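What the coordinates show
For reference, the chains in residue letters:
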Amino acid sequence: MRYRTFGRLDWRPSALGFGAMRLPTVGGDHAQIDEPLATRMIHTAIDRGVNYVDTAWPYHGEQSEPFLGRCLRGGYRAKIRIATKLPSWLVEKPGDFDTFLDEQRRRLETETIDFYLLHGLNRGRWSKLRDLGVLDWAERARREGRIGALGFSFHDDLGTFREIVNAHDWDFCQIQYNFMDVDFQAGREGLRHAASHGLGVVVIEPLRGGSLARPAPRAVAALWDSAAKKRSQVDWALQWIWNDPGVSLVLSGMSAPEHVEENLRSAEQSGVASLDDAELALVDHVREAYRSLAPIPCTGCRYCQPCPHGVAIPQVFSFYNDAMAYGDLARYRTMYANDGFVKPESRADRCLACGACETACPQEIEIIEWLKRAHATLMPEEGPRTGRKG
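Residues numbered from 1 in each chain as written. Predicted model: local features only at pLDDT ≥ 70, side-chain atom pairs only at ≥ 80, totals over all residues. Heavy atoms only, no water.

1. Focus on the overall build of the protein chain
- When you go through the protein chain residue by residue, the secondary structure sums to 16 helices and 10 strands.
- Relative to the compact-globule value of 21 Å for 390 residues, the protein chain shows a C-alpha radius of gyration of 22 Å, a close match.
- Along the first, second and third principal axes, the C-alpha set of the protein chain runs to 60 × 55 × 45 Å.
- Residues counted as buried form 53% of the 390 residues belonging to the protein chain.
- For the protein chain, contacts bridging at least 24 residues in sequence account for 75% of all contacts bridging at least 6.
- With the model as given, the accessible surface of the protein chain reaches about 16,800 Å², and the carbon-plus-sulfur share is 50%.
- Charged side chains in the protein chain number 48 positive and 52 negative. The centres of these two groups are separated by 1 Å. (Helix = DSSP H or I, 4+ residues; strand = E, 2+ residues; numbered from the N terminus. Rg over C-alpha atoms; globule rule 2.2 N^0.38 Å. Buried < 20%, exposed > 50% of the residue type's maximum accessible area, 1.4 Å probe, protein only. Contact = heavy atoms within 4.5 Å. Areas by Shrake-Rupley, 256 points an atom, 1.4 Å probe, with all protein chains shown as cover. Lys, Arg positive; Asp, Glu negative; His and termini not counted. Charge placed at Lys NZ, Arg CZ, Asp CG, Glu CD.)

2. So, the packing of helix α10 (residues 233–242) against helix α11 (residues 257–268)
- Where α10 contacts α11, the axes come no closer than 10 Å and their chain directions differ by 40°. Here α10 lies oblique to α11, going by the angle between them. Here α10 and α11 pass one another in a crossing that is right-handed. Touching Val-234, Asp-235, Leu-238, Gln-239 and Trp-242 of α10 are Glu-262, Asn-263, Ser-266 and Ala-267, all from α11. (Axes fitted to C-alpha atoms, helices over the stretch in contact; angles between N-to-C directions. Parallel < 35°, antiparallel > 145°, perpendicular 65-115°, else oblique. Left-handed = near helix turned anticlockwise from the far one by under 90°.)

3. Quick notes on the sheet that holds strand β5 (residues 81–86)
- Strand order in the closed barrel formed by eight strands is β1-β4-β5-β6-β7-β8-β9-β10, with parallel pairing between adjacent strands. Direction aside, neighbouring strands of the sheet carry axes that sit 30° apart on average. (Pairing = 2+ DSSP bridges.)

4. Some words on the nonpolar core
- Counting 111 residues, the largest nonpolar core has Phe-18, Phe-152 and Phe-179 as its most contacted members.
- Setting aside anything within four residues of it in sequence, one finds Phe-18 in contact with Leu-23, Met-41, Ile-42, Ala-45, Val-50, Tyr-52, Val-53, Asp-54, Leu-251, Ser-252, Met-254 and Val-260.
- Within the second largest apolar cluster, 12 residues are counted, among which are Phe-6, Phe-115, Phe-172 and Ile-204. (Core = buried A, V, L, I, M, F, W, Y, C linked by side-chain atoms within 4.5 Å.)

5. Focus: the confidence of the model for the protein chain
- Here the protein chain shows a mean pLDDT of 93. Residues at 70 or above account for 98%.
- Low pLDDT, under 50, characterises residues 383–390; the predicted model gives this stretch 20 contacts beyond four residues in sequence or across chains. (pLDDT = per-residue confidence, 0-100.)

6. Some points on the pairing of strand β10 (residues 249–253)
- Within β10, four of the five residues are buried, leaving the element largely enclosed by the surrounding structure.
- Here strand β1 (residues 16–19) pairs with β10 via four bridges, running parallel. Opposite Phe-18, over in β10, you have Ser-252 as the bridge partner.
- In the sheet, strand β9 (residues 200–204) pairs with β10 via two bridges, with the strands oriented parallel. Residue pairing in the sheet places Val-202 in a bridge with Leu-249 of β10.

Printed below as a string of structure tokens:
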């Protein structure tokens, strides 16, 4: 296993961390973890040098934390640092901080949670937790030995990310980052900003929810095949992230033993600045090839926003374009139907065809018709309702 630096902390993390969010399950029930198989997978990773395991309150229907507590018995707990997260959306009052943390310590069978994060921060959640005094509480919990390092995971825009990083002397953060999402949410600029402030940076979604591991479209596959050094698609994606010195570790949610083996092999060959200029240029070409497969020529300029009727037009178009480009319609249908990703009042069927967006669009996109098509594709059971009156 290769080991890296973790911001200002005097600790060397394994290049690969194990995410306990996509563990193998039984009978298609997300809350029913296949404990014997999942335990073997995690033990294999630890035996091969992985020293960071990540979970959270809601994973696997709130069963991930209790499972992990059982999985790490027999000496495995001492071999790793464990990370879990305060369920920010469930906090209503200051007393909830202790309630959740102490229950998580019980579930995980540990006195100290080594790495504790405020989960899924966006502008609204951050404002709520900050005003409830979460930072003073967390520092007290740290002094009491209930938590070790303090950080946050993040899903919002770059400006919000900078604001949160600058608001406290954090130890680390967790961001979505991969070779397609260089400008998404915190993105590359956020990674640089966090690293320059001495934060460890934990990367999630290195394969974009599995989209970058799916068989590539012909144009993309031809580019990968042209490389002088042959790698799997997964290895290309992981090595591109590990190439960056600002990345502390890559967190991978593995659901089968072969995922563990493949990721371990990649981690054992990883390193900062391990890709040459030609290989980095190839990844840039692959990114552009994927983007060229997106049917809607939306640049995300947001001239169409705010929509008078609340439609999140760039977000809807992004989901539709990604579903088409990656050939992963099932994943993006699930995300589009999830209120946590797209609020019902922001979906495409809220469009009343007023035309304000089309007047403002510098790309002259037929937005109304594309919204109809996107909604009918992403939520087919409802059918197209875009353009309804009254």
